[in-house]
Amino acid sequence: LAKTTQPISMDSYEGQEVNITCSHNNIATNDYITWYQQFPSQGPRFIIQGYKTKVTNEVASLFIPADRKSSTLSLPRVSLSDTAVYYCLVLNSYKLSFGAGTTVTVRA
Amino acid sequence: DTGVSQDPRHKITKRGQNVTFRCDPISEHNRLYWYRQTLGQGPEFLTYFQNEAQLEKSRLLSDRFSAERPKGSFSTLEIQRTEQGDSAMYLCASSLSERTSGSLYNNEQFFGPGTRLTVL
């Protein structure tokens with residue numbers, strides 16, 4: 001499994017864009033990059049998945065450079081309800097491997 | 001509600017007692033997973049079923065732990081002779097296999113709310 005490194009925490013304010021970068025230097029050719037979100041006392045929720053370039057959905061965008069050694073999750077115009085832990089996963093298996101994640105705190 | 005459900009949501013037990021948790025996956029999902037999460041950490045994989053077959057077990061799953069999915073629908077996770085170190089959130093997730101979903105690869109698993117176990 002590729003090791004991932006992401007910041008432990010990030011603070012932001014309502015209405016701002018939040019960008020969380022994840023490093024994964026030893027990503028394998030057949031690995032996908034997947035992000036999950038987890039609120040307190042709830043199970044994780046899938047946000048977005050990508051292989052290369054850019055992926056966008058109604059919740060977030062995922063930017064992956066050509067070398068795929070890092071990726072950036074972008075949350076546009078965050079609100080207080082986006083306060084959560086965000087996990088970056090790099091794998092090609094059903095066996096999800098979560099690190100400690102990035103705790104994003106959005107303030108009013 | 002058509003999401004993944006887990007029962008109970010909370011369980012407090014004394015050391016040495018047996019506990020059993022239940023997970024009801026999304027009805028059309030053929031894959032079911034159990035994870036364990038301790039405070040401040042991300043979830044850790046425990047085991048995985050495809051239909052009724054248990055295809056993988058983590059080394060974290062000691063012989064005190066057993067999981068079943070008898071008819072390929074709901075699943076149970078039993079912990080025998082509980083220890084204080086078993087205190088954690090136990091999460092269940094379900095998904096479609098790649099062949100069923102039609103996607104080349106799919107890491108999207110749908111998680112339930114979890115069962116929080118406290119062993120006194």
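The preceding data block contains the structure.
Residues numbered from 1 in each chain as written. Chains lettered and ligands numbered in written order. Predicted model: local features only at pLDDT ≥ 70, side-chain atom pairs only at ≥ 80, totals over all residues. Heavy atoms only, no water.

Explanation requested: the sheet that holds strand E3 (residues 19–24) of chain B in the structure shown.
What links the strands of a sheet is backbone hydrogen bonding, and the strands pair in either a parallel or an antiparallel sense. All names here are of chain B. In spatial order, the strands read E1-E3-E8-E7; together these 4 strands make up an open sheet with antiparallel pairing. The open sheet has two edge strands, strand E1 (5–7) and strand E7 (65–68), and neither has a second partner. Pairwise comparison of adjacent strand axes, ignoring direction, gives a mean angle of 15 degrees for this sheet. Of the pairings in the sheet, the one linking E7 to strand E8 (residues 75–79) comprises 4 bridges and is antiparallel in character. Its bridge partner being in E8, Ser66 is matched across the sheet by Glu78. (Pairing = 2+ DSSP bridges. Helix = DSSP H or I, 4+ residues; strand = E, 2+ residues; numbered from the N terminus. Axes fitted to C-alpha atoms, helices over the stretch in contact; angles between N-to-C directions.)

What is the right way to read the interface of chain B and chain A from this model?
How large an interface is tends to be reported as the accessible area lost when its parts come together. Counting residues at the interface gives 23 residues for chain B, matched by 20 residues for chain A. Between chain B and chain A, roughly 1700 Å² of surface is buried when both sides are summed, and carbon and sulfur atoms account for 50% of that area. For the pair chain B and chain A, the number of links is 1 salt bridge. A salt bridge links Lys95 of chain A to Glu56 of chain B; the nearest nitrogen and oxygen atoms lie 2.5 Å apart. (Contact = heavy atoms within 4.5 Å. Buried area = accessible area lost by both parts, 1.4 Å probe. Salt bridge = Lys/Arg side-chain N within 4 Å of Asp/Glu carboxyl O.)

In this structure, what is going on with the environment of Val4 of chain B? I would like to understand it.
All names here are of chain B. Tracing the backbone through its elements, the reader meets Val4 in the segment before E1. Since its relative accessible area comes to 10%, Val4 is described here as buried. Taking the C-alpha atoms as reference, Val4 lies 7.6 Å from Cys92; in sequence the two are 88 residues apart. With near-sequence residues (within four places) excluded, Val4 lies in contact with Cys23, Asp24, Pro25, Ile26, Cys92, Ser94, Phe110, Phe111, Gly112 and Pro113. (Buried < 20%, exposed > 50% of the residue type's maximum accessible area, 1.4 Å probe, protein only.)

In this structure, what is going on with the pattern of salt bridges? I would like to understand it.
All names here are of chain B. Scanning the model with the defined rule gives 5 salt bridges over all chains in all. One salt bridge in this structure joins Asp86 and Arg64, with 2.9 Å as the shortest N-O distance. Here Asp86, found in the loop between E8 and strand E9 (88–95), pairs with Arg64, found in the loop between strand E6 (53–57) and E7; they are 22 residues apart in sequence, far enough to count as distant. As far as burial versus exposure is concerned, Asp86 and Arg64 are alike and both buried. Connected via shared salt-bridge partners are Arg64, Glu83 and Asp86.

Even after reading the chapter, I still don't get the side chain of Ser12 of chain A, so can you show me in this structure?
Residue and element names in this part refer to chain A. Following the sequence through the fold, Ser12 ends up in strand E1 (residues 9–13). Of the polar contacts made by the side chain of Ser12, one reaches the side chain of Gln16; its length is 3.2 Å. Aside from chain neighbours lying at most four places away, what touches Ser12 is Val18, Val78, Thr105, Val106 and Arg107. (Polar contact = N/O pair within 3.5 Å; in protein donor to acceptor, adjacent residues only side chain to side chain.)

It is not clear to me how the environment of Pro44 of chain A should be interpreted in this structure. Could you clarify?
Along the chain, Pro44 of chain A falls in the loop between strand E3 (32–38) and strand E4 (45–50). Judged by relative accessible area, Pro44 of chain A falls into the buried class, the value being 3%. With residues up to four places along the chain from it excluded, the contact list for Pro44 of chain A reads Tyr36, Gln37, Gln38 and Phe98 of chain A together with Pro43, Leu91 and Phe111 of chain B.

I keep staring at the environment of Met89 of chain B and nothing clicks. Help me out?
By the element assignment, Met89 of chain B lies in strand E9. We classify Met89 of chain B as buried; its relative accessible area is 7%. Once the C-alpha coordinates of Met89 of chain B and Val19 of chain B are considered, the two residues, 70 residues apart in sequence, prove to be 13 Å apart. Ignoring anything within four residues of it in the chain, the contact list for Met89 of chain B reads Ser41 of chain A together with Tyr35, Arg36, Gln37, Pro113, Gly114, Thr115 and Arg116 of chain B.

For this particular structure, what's the right way to read the sheet that holds E4 of chain A?
All names here are of chain A. Strand order in the open sheet formed by 5 strands is E1-E9-E8-E3-E4, with mixed pairing between adjacent strands. In this open sheet, the two strands that pair with only one neighbour each are E1 and E4. The mean angle between the axes of side-by-side strands here comes to 25 degrees, regardless of whether they run parallel or antiparallel. Examined bridge by bridge, strand E8 (residues 84–91) and strand E9 (residues 102–107) share 3 bridges and lie antiparallel to one another. Counted as the bridge partner of Ala84 is Val104 from E9.

Looking at this structure, I do not really get the packing of aromatic side chains. What am I missing?
Given two aromatic rings, their pairing is described by the distance between the two centres and the angle made by the two planes. What the rule picks out here adds up to 16 aromatic pairs over all chains. Ring geometry for Phe21 of chain B against Tyr90 of chain B: centres 5.5 Å apart, planes inclined by 40 degrees, an arrangement best described as tilted. Of this pair, Phe21 of chain B sits in strand E3 while Tyr90 of chain B sits in strand E9, placing them 69 residues apart in sequence. Judged by relative accessible area, which is 0%, Phe21 of chain B ranks as buried. Classification of Tyr90 of chain B as buried rests on a relative accessible area of 0%. Here the aromatic rings of Phe65 of chain B and Tyr90 of chain B are separated by 6.5 Å at their centres, their planes lie at 40 degrees, and the arrangement is tilted. Pair noted here: Phe65 of chain B is in strand E7 and Tyr90 of chain B is in strand E9, with a separation of 25 residues, a long-range link. Each member of the pair, Phe65 of chain B as well as Tyr90 of chain B, carries the same accessibility label: buried. Taken together, the ring pairs connect Tyr36, Phe46, Tyr87, Tyr94 and Phe98 of chain A together with Tyr33, Tyr35, Phe45, Tyr48 and Phe111 of chain B into an aromatic cluster. Against the face of Tyr51 of chain A rests Arg68 of chain A, its NZ or CZ located 3.9 Å from the ring centre. The cationic tip of Arg22 of chain B hangs over the ring face of Phe74 of chain B; the distance from NZ or CZ to the ring centre is 3.9 Å. (Phe/Tyr/Trp six-rings, centres within 6.5 Å; stacked < 30°, edge-to-face > 60°. Lys NZ or Arg CZ within 6 Å of the ring centre and 35° of its normal.)

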